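# Structural overview for review
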Amino acid sequence: MSTTITEECINCGACEPECPNTAIYEGGAPWDYEGKSNAAISEEIYYIVPQKCTECVGFFDQEQCAAVCPVDCCVANPDDPETEEQLVAKARVIHPDRSFDGEVPSRFSKG
Ligand code: SF4
């Protein structure tokens, strides 16, 4: 499932630079994907674009936004379940210049 930011967000901005997929945007800011600019998903708080979120699969073994958020409001979205394979496939689309073959860093392989 992609990660989502709850309304507990205090707009500190700590998460945005940590995302390997540039999936996090400040409230009100348009988001970009495949060369297209899209309307902000939230006007008030930071938000994560589901199409761009791989839960850090392919890069880290923990969601980096959740790791830095001071109020623990970066959480898994239970309404958007995705398998590790689906998340790796997403990473390949977002980063066509990188290889994600073999074992990749993933929260699924933790513990
Ligand atoms: Fe909001 Fe947490 Fe991101 Fe700070 S780190 S902007 S509180 S989601």
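The preceding data block contains the structure.
Presented here is an overview of the structure given in this document. (Residues numbered from 1 in each chain as written. Predicted model: local features only at pLDDT ≥ 70, side-chain atom pairs only at ≥ 80, totals over all residues. Heavy atoms only, no water.)

### A short note on the side chain of Ser-42
Within the secondary structure layout, Ser-42 lies in the loop between β4 (36-38) and β5 (47-48). Of the polar contacts made by the side chain of Ser-42, one reaches the backbone nitrogen of Glu-44; its length is 3.2 Å. Ignoring any residue separated from it by four or fewer positions in sequence, one finds Ser-42 in contact with Gly-27, Gly-28 and Tyr-47. (Helix = DSSP H or I, 4+ residues; strand = E, 2+ residues; numbered from the N terminus. Polar contact = N/O pair within 3.5 Å; in protein donor to acceptor, adjacent residues only side chain to side chain. Contact = heavy atoms within 4.5 Å.)

### Brief notes about the site of the ligand
Close to the ligand lie 14 residues, the nearest being Cys-9, Cys-12, Gly-13, Cys-15 and Cys-69. A class-by-class count of the residues in the shell around the ligand yields 12 nonpolar, 2 polar and no charged. (Near = heavy atom within 4 Å. Nonpolar A, V, L, I, M, F, W, Y, C, P; charged D, E, K, R; others polar.)

### A word on helix α2 (residues 84-94)
What α2 keeps buried is the set Leu-87, Val-88, Lys-90, Ala-91 and Ile-94. Projected down its long axis, α2 carries its buried residues within an arc of 155 degrees, all on one side. (Buried < 20%, exposed > 50% of the residue type's maximum accessible area, 1.4 Å probe, protein only. Arc of directions from axis to C-beta.)

### Here we look at the environment of Pro-70
For Pro-70, the location among the structural elements is in the loop between α1 (64-68) and β6 (74-76). The class of Pro-70 is exposed, set by a relative accessible area of 52%. For the pair Pro-70 and Tyr-46, spaced 24 residues apart in sequence, the C-alpha separation works out to 13 Å. Excluding its chain neighbours within four sequence positions, the residues that come into contact with Pro-70 are Ile-10 and Cys-12.

### Side note on the side chain of Asn-77
By the secondary structure assignment, Asn-77 is in the loop between β6 and α2. Overall, Asn-77 belongs to the buried group, its relative accessible area being 19%. Of the polar contacts made by the side chain of Asn-77, one reaches the backbone nitrogen of Asp-79; its length is 2.9 Å.

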